[in-house]
Amino acid sequence: MYFVYLLYVCKRSQKNTEILFCSVSDFHSATMSGPAINRKLPVYDQFRLNRYHAVGIMMTIGGSMMYNMLSKMPRSSGLLRHGLALAAGYYGGEKASEFIEKRRKTRVLILEDYIRLHPEDFPVAEPKKYADVLMPWVPRR
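As a starting point, this report considers the structure included with it. (Residues numbered from 1 in each chain as written. Predicted model: local features only at pLDDT ≥ 70, side-chain atom pairs only at ≥ 80, totals over all residues. Heavy atoms only, no water.)

### A few points about the overall build of the protein
The test is simple: Going along the chain from the N terminus, every DSSP run of H or I of four or more residues is numbered as a helix, and every run of E of two or more is numbered as a strand. Contact between two residues is taken to exist if any of their heavy atoms lie within 4.5 Å; hydrogens are not considered. To be clear on the numbers: accessible area is Shrake-Rupley with a 1.4 Å probe, and residue cover counts the displayed protein chains and nothing else.
Across its full length, the protein holds four helices and two strands. N-terminal to C-terminal, the α/β element order of the protein is β-β-α-α-α-α. Residue pairs at least 24 apart in sequence account for 31% of intrachain contacts in the protein once pairs closer than 6 positions are excluded. When the accessible surface of the protein is split by element, carbon and sulfur atoms take 65% of a total near 13,200 Å².

Below you can see the structure in the form of structure tokens.
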């Protein structure tokens, strides 16, 4: 058994805060909690899940497990069915997300067009000052 002890070596560039090189001991140090670990992890935008994906996946996998339970099989049996349920749930969530986003954009376009066609109904409000909004306050000691 041998143990390689690596010193905490973390070199940063002078102009920005991106990390150029970090040793394995960084994973055990106190600097790897919070935002520091997020700077090191890669970001894959194509794998982000929103609530529609999560709901779709939970419903389809839950349905697959419910089928197993009602068939008196172990819940985790039928891994292929669970995998297909996961894919179907993700696809359904993606389509629901696209539908909701399209509906939201259509609503915004209709409202903006109405505001553009009827400017007399939407007067430009003057910005308020803090002195007008805040009530007078006298500290009592």
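### Some thoughts on helix α3 (residues 79-117)
In an α-helix, one full turn covers 3.6 residues, which means residues spaced three or four apart are oriented alike. We count it as follows: Helices are assigned an expected span. That span is 1.5 Å times one less than the residue count.
The terminal C-alpha atoms of α3, which comprises 39 residues, lie 57 Å apart, in line with the 57 Å expected from a rise of 1.5 Å per residue. Where α3 is buried, its residues contact α2 (51-70).

### Remarks on α2
Convention followed: Residue burial is assigned from relative accessible area. The probe radius is 1.4 Å, only protein chains are included, and a residue is buried under 20% of its type maximum, exposed over 50%, and partly exposed in between. The arc in question is formed by the directions pointing from the helix axis toward the C-beta atoms.
Here α2 contains 20 residues, and its C-alpha end-to-end distance of 28 Å stays within 8% of the 28 Å for a straight helix at 1.5 Å per residue. Along α2, the residues classified as buried are His53, Gly56, Ile57, Ile61, Ser64 and Asn68. Buried residues in α2, looked at end-on, bunch into an arc of 110 degrees, giving them a common side. Counted as exposed and oriented over 90 degrees from the buried face of α2: Arg51, Met58, Met59 and Leu70. Those residues of α2 that are buried are in contact with α3.

### Brief notes about a nonpolar patch on the surface
This is how it is decided: The residues that make up patches have over 30% relative accessible area and no salt bridge, and they are joined within 9 Å when like-charged or within 5 Å when they are Val, Leu, Ile, Met, Phe, Trp or Tyr. The working definition used for a salt bridge is a side-chain nitrogen of Lys or Arg within 4 Å of a carboxyl oxygen of Asp or Glu.
Taken together, Val55, Met58 and Met59 make up a surface patch of nonpolar side chains, about 340 Å² in accessible area. Positionally, valine 55 belongs in helix α2. In this structure valine 55 comes out as partly exposed when scored by relative accessible area, which is 41%.

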